[in-house]
Amino acid sequence: MDSLKVGQDPVQTTCPYCGVGCGVLAYPDTDKPVAGDVAHPANKGRLCVKGTSLHETTGQDGRLLFPMVRGRRSDWAEALDEVAGTIWDSVKTHGPQSVAFYLSGQLLTEDYYVANKLAKGFIRTPNVDTNSRLCMSSAVAAHKRAFGADVVPGCYEDLELADLLVLAGSNAAWAHPVLYQCMKAAAREGRRVVVIDPRRTATSELADLHLALCPGTDTVLFNGLLTWLADKGGLDETYIQAHCQGFEEALKSARAAAPSVASVARQCDLPAEDVETFYRWFTDTPRTVTGFSQGINQSVAGTDKGNAIINCHLATGRVGKPGAGPFSLTGQPNAMGGREVGGLANTLAAHMDYDSPGARSRVAGFWGTGAVAAGPGLKAVDMFEAVYRGDIKVIWIMGTNPAVSLPDSDRVRQALARCPTVIVSDCVAHTDTTAHADILLPAAGWGEKDGTVTNSERCISRQRCFLPLPAEVKPDWWIMSSVAKKLGFAEAFDYAQPADIFREHAALSAHENNGERAFNLSGLAGLSDSGYDTLVPVQWPVLKSTGPDTSDSKRLFADGGFVTDNHRARFVAINTVLPAQKASEDYPMVVNTGRIRDQWHTMTRTANTPRLLTHRSEPFVEMHPDDMTAAGLAEGHLAKLSLNGGHFVGRVRKSPEQRRGEVFIPIHWNRRFASDGVATLLTESVTDPVSGQPEAKHGRAAITPFRVSWQGRLLVRRDRPRRWQSDYWCHVPLNHCDSWWLAGLQPIDWPLVMTDWLGGPAHLMMADASQGRFRAARVVNGQLEAVLMVDREPALIPEAGWLDSCFAEAQLSKSSRRALLAARDVDVADPGAIICSCFQVGENQIADAIAEGAESVEALGGRLKCGTNCGSCIPELRELIEVSARESA
Ligand SMILES: Nc1nc2c(c(=O)[nH]1)N[C@H]1C(S)=C(S)[C@@H](COP(=O)(O)OP(=O)(O)OC[C@H]3O[C@@H](n4cnc5c(=O)[nH]c(N)nc54)[C@H](O)[C@@H]3O)O[C@H]1N2
Ligand SMILES: Nc1nc2c(c(=O)[nH]1)N[C@H]1C(S)=C(S)[C@@H](COP(=O)(O)OP(=O)(O)OC[C@H]3O[C@@H](n4cnc5c(=O)[nH]c(N)nc54)[C@H](O)[C@@H]3O)O[C@H]1N2
Ligand code: SF4
Ligand SMILES: [Mo]
């Protein structure tokens, strides 16, 4: 393929962030921005702002570059010996189940395959699980209950073809931005969108109907829909008769739980008219797709929620047809690939479970090992409990940051602190999890590694390497294969390159597969090395007869043929009892947690791109204005949410979009970026009984003002030691300096501490004690060294953009020097808070443009370019236009 030539030609690869799986053109010259790959079916050239910023994340700052053993720099020879020796000792002394692997949907399929094979097949521990447990396991369980296998029956095109698009528990505008753009572009006469989410989100912008239901009540809503379909002649009796089983029981349960629209409206806290409108639209629209994500999966009733949705699609025969089907939106770039290799504790390999007839001996035979582990193993939450208890002595964590992302994460940290040996493979040196590692292994990151990923529509794409491996960094598959060799399994792990692993993985999927496993890559098992190098995106199943280039794998199950014993899909009777953790007198607020537009998970990569911190730079608490008043809080104040011993402190954002009694907080901040920004201290370890997926959308907390006597922003030249002390802090790396939001409970004598905080004497200073205002700047050899700005209200602290640019000046000009304490060049207008991250367009610029007549999103785009790249800021642009219209009215 031309594009694979060396030199300045771009390399076709895949974005390492969300499950949309966009094709990216990347350049070995790291300064050159990436571009969307027009030839990739997932994005046809589009990228969101995270994708567009990828080239800014490939540098070596903050990278883990060398193996580390018990706190000191080591080399591979020693580190591999240590890992293999520890595993060997633990297996001999305590049995194989004393060793655990905790993997990630961000590993490539080839890495994942090796991990699963090594653990289950050779070390013979069943204790292998993945962060997909926190993400997709409810959807997996729902698919298996209904279809007999973990299969998403449809494809992306269906989201556009649908005449009714239902989005349940998905904020696609922020979490799947490129797909969202396609959904939006599909707007047409007669097409409708229903958004089901307790809060109004950026995605609700698309909605003809937004159902802001009481959190956790989705099963009631969809049970009610099944009842309605049965009562109003909405069933596809022929499909049910021919291809399904269990309908009567499911309907009976649905009727008992949700007998009428009035009952549903009451239980879900929705207007009855809205419920009825949704039901009528669903009944009347053959081309209906229900897309669902974490508002469904991350729940104590996650699997039931998924099946309640699928029940309605089976009942109407809307599965796997153009524009019709249930569609699980996957989160991570390789959430699917991990499920395909069998990375979940309750699965074995290649879509075979421990209890699939003959599976254990089939897999053992294929791998050439006497026997595989006796499973299922421990699921994520239980696995870390076993670490805490001391049953697991060695845990190897790869590509995930459980000290932040698991519920009740302080307990997870305690578990890691107690664990005799914690091995962590990561590309980043300092994370909340690497802080607990006894052995740290430097893993290759995006651009340095080669392999495949599978996106939400079962499409396998290549991630290709276009950068050299820095220092002693190695790909994950190499690290694990090397350990396997040290353990004496050289023959089974004799891989020279990822293509060898992929072929084996494809062959296993086809091995003794007579159609009873939908996941089948037989057509790829004989792929040559060059075929692997040039592999174009292909949806599975890939059978011999079709080969990788034709796609009759686009949609499955339209004519039945489910993967159950009798080939019939199963309706599941849903009798869920709703949220286990109720808000209480002590903890009256329901805590909803989720994503923001420009950050990825625990921020280990995206927080190093200043552009991605301009949209939201601090942990925040979105809450209803009436709740703010009741709690004595105002916009911009700091609020403290507490549960048991854990706290979260965030900036209050007034949000009428929020239901009363419920707050929304972001999941991204960790202990390295903020003093108290970890959301998982407010979500308890409560899990879905079927899938084991933790409830992450229904935490609870008490809320109080975090009453500070001062608020500040400190900007310091990069890599200077931290000399300040502050009750609240949040790190915001800028383009040319480091910065922190700071706030303190006790008043401070600024002239006294200033020299210390700035790293030396200030050259400019301004104090107004009556206003609580203080400003100081330090200049060294004509260059800006540090600036401190203190005020009572954060809104009075100027934006840091202009000051940041001053750090880049080799010699501060006289006028810049004079303007330092005002924090902006008085001759240039202040752009205001950044709304469009792609083009760095600020709120003030947008407001000015609106005032000058650019009163539509298109007009703003024409004038300022905002919203014309990824489009994720369009809902906010629209909001600003509306606010301005309201104000002038
Ligand atoms: N920018 C960005 N994009 C990402 C990621 C990221 O970190 N950053 N992560 C990726 C990953 S791994 C994942 S899993 C996906 C997640 O993608 P999404 O699931 O779309 O994102 P979330 O923000 O976690 O949650 C979605 C919505 O569920 C709603 N919700 C809460 N409770 C309920 C409920 O009881 N019922 C219903 N119907 N809705 C409810 C929340 O209010 C929220 O708006 O995003 C992927 N994309
Ligand atoms: N309260 C609450 N908790 C949640 C959620 C929520 O909505 N609310 N969402 C859950 C969901 S859906 C998810 S997916 C998880 C995500 O949570 P995590 O998986 O813990 O988050 P990440 O920050 O993506 O962690 C990935 C780690 O892998 C490293 N890494 C990146 N690439 C590679 C690689 O190629 N090899 C190796 N070895 N390491 C690599 C990164 O530097 C980083 O440290 O959080 C879950 N936790
Ligand atoms: S939508 Fe954005 S984050 Fe997701 S794969 Fe595409 S470019 Fe990457
Ligand atoms: Mo996820």
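Residues numbered from 1 in each chain as written. Chains lettered and ligands numbered in written order. Predicted model: local features only at pLDDT ≥ 70, side-chain atom pairs only at ≥ 80, totals over all residues. Heavy atoms only, no water.

- The name an unreviewed UniProt entry gives the chain is Nitrate reductase, with Marinobacter iranensis as the organism.
- According to the UniProt record, the Sequence similarities (unreviewed entry) comment for the chain is "Belongs to the prokaryotic molybdopterin-containing oxidoreductase family. NasA/NapA/NarB subfamily." (UniProt positions renumbered as here; feature names shortened; annotations may be inferred.)

**So, the overall build of the chain**
1) Next: Per the secondary structure count, the chain includes 29 helices and 36 strands.
2) Next: Against the compact-globule benchmark of 29 Å for 889 residues, the chain has a radius of gyration of 27 Å, which places it among compact chains.
3) Next: Seen through its principal axes, the chain has C-alpha atoms that stretch 80 × 70 × 55 Å.
4) Next: Out of the 889 residues belonging to the chain, those deemed buried represent 63%. (Helix = DSSP H or I, 4+ residues; strand = E, 2+ residues; numbered from the N terminus. Rg over C-alpha atoms; globule rule 2.2 N^0.38 Å. Buried < 20%, exposed > 50% of the residue type's maximum accessible area, 1.4 Å probe, protein only.)

**With respect to the domain arrangement of the chain**
1) Next: Segmenting the chain into domains produces domain 1 (11–57), domain 2 (68–135 + 334–495), domain 3 (137–328), domain 4 (589–705), domain 5 (710–819) and domain 6 (834–888).
2) Next: A separation of 51 Å is found between the C-alpha centroids of domain 3 and domain 5. (Domains from an automatic or database assignment.)

**Here's the deal with the sheet that holds strand β3 (residues 35–36)**
1) Next: Spatially, the 3 strands line up as an open sheet ordered β1-β2-β3, and their pairing is antiparallel. The open sheet terminates on both sides in strands that have one partner only, identified here as β1 (11–14) and β3.
2) Next: Note that strand β2 (residues 23–26) and β3 share 2 bridges and pair antiparallel. Of the residues in β3, the one forming a bridge with Val 24 is Gly 36. (Pairing = 2+ DSSP bridges.)

**A short note on helix α17 (residues 380–389)**
1) Next: With 7 of its 10 residues buried, α17 lies for the most part within the structure.
2) Next: Looking at α17, one finds that the buried residues are Ala 380, Val 381, Met 383, Phe 384, Ala 386, Val 387 and Tyr 388.
3) Next: As for α17, its buried residues are in contact with β6 (99–103), β7 (128–130), β16 (394–398), α18 (402–405) and α19 (409–418).
4) Next: Following α17 by one or two positions, Gly 390 has its phi on the positive side, about 100 degrees. (Contact = heavy atoms within 4.5 Å.)

**What about the site of ligand 2?**
1) Next: Not every one of the 32 residues close to ligand 2 is listed here, only the nearest: Gln 106, Ser 405, Asp 426, Lys 449 and Thr 602.
2) Next: The separation between an oxygen atom of ligand 2 and a polar side-chain atom of Asp 426 is 2.6 Å.
3) Next: Its free accessible area being 920 Å², ligand 2 has 97% of it covered by the protein chains.
4) Next: Each residue belonging to the shell around ligand 2 can be placed in one class, and the counts come to 9 nonpolar, 17 polar and 6 charged.
5) Next: Here the shell around ligand 2 spans two domains, since at least three of its residues come from each of domain 2 (68–135 + 334–495) and domain 4 (589–705). (Near = heavy atom within 4 Å. Polar contact = N/O pair within 3.5 Å; in protein donor to acceptor, adjacent residues only side chain to side chain. Areas by Shrake-Rupley, 256 points an atom, 1.4 Å probe, with all protein chains shown as cover. Nonpolar A, V, L, I, M, F, W, Y, C, P; charged D, E, K, R; others polar.)

**Things to note about the pattern of salt bridges**
1) Next: Taken as a whole, this structure holds 48 salt bridges when the rule is applied.
2) Next: With its nearest N and O atoms 3.7 Å apart, the salt bridge here joins Glu 622 to Arg 199. On the criterion of sequence distance, the pair formed by Glu 622 in strand β24 (residues 620–623) and Arg 199 in the loop between β9 (192–196) and β10 (209–211) is long-range, its members being 423 residues apart. For the residue pair Glu 622 and Arg 199, the accessibility class agrees, reading buried in each case.
3) Next: Its salt-bridge partner being Arg 280, residue Glu 276 comes within 4.0 Å of it at the nearest N-O pair. Taken together, the positions of Glu 276 and Arg 280, both in helix α12 (residues 272–284) and 4 residues apart, correspond to about one turn of that helix.
4) Next: A relative accessible area of 34% places Glu 276 in the partly exposed class.
5) Next: Each of Glu 157, Asp 158, Lys 554 and Arg 555 takes part in one network of salt bridges that share partners. (Salt bridge = Lys/Arg side-chain N within 4 Å of Asp/Glu carboxyl O.)

**Describing the site of ligand 3**
1) Next: Around ligand 3, the neighbouring residues are Cys 15, Tyr 17, Cys 18, Gly 21, Cys 22, Leu 47, Cys 48, Lys 50, Gly 51, Pro 177 and Val 178.
2) Next: Going through the elements one at a time, α1 (49–52) and α7 (177–185) are the ones with two or more residues in the shell around ligand 3.
3) Next: Across the shell around ligand 3, the residue classes tally to 8 nonpolar, 2 polar and 1 charged.

**Details of unusual backbone geometry**
1) Next: Look at the link from Gly 375 to Pro 376: it is a cis peptide, with omega at -5 degrees.
2) Next: Inspection of the secondary structure puts Pro 376 in the loop between α16 (359–367) and α17.
3) Next: Despite not being glycine, His 351 has its phi angle at roughly 60 degrees, a positive value.
4) Next: Of note, His 351 is situated in the loop between β14 (347–349) and β15 (352–353).
5) Next: Positive phi is not limited to glycine here, since Asp 719 has a value of about 70 degrees.
6) Next: With respect to the helices and strands, the residue Asp 719 is situated in the loop between β29 (710–716) and β30 (728–731).
7) Next: With a relative accessible area of 70%, Asp 719 lands in the exposed category.

**Observations concerning the side chain of Asp 353**
1) Next: Along the chain, the position of Asp 353 falls in strand β15.
2) Next: In terms of polar contacts, Asp 353 uses its side chain to reach the side chain of Lys 144, at 2.9 Å.
3) Next: With residues near it in sequence (within four places) discarded, Asp 353 still touches Lys 144, Asn 346, Thr 347, Leu 348 and Ala 359.

**What about the sheet that holds strand β20 (residues 459–463)?**
1) Next: An order of β19-β20-β21 is seen for the 3 strands of this open sheet, with the pairing classed as antiparallel. Two strands close off the open sheet at either side, each with one partner strand: β19 (451–454) and β21 (538–539).
2) Next: Bridging between β20 and β21 involves 2 bridges; their strand directions are antiparallel. When the bridges of β21 are listed, Ile 460 appears paired with Val 538.

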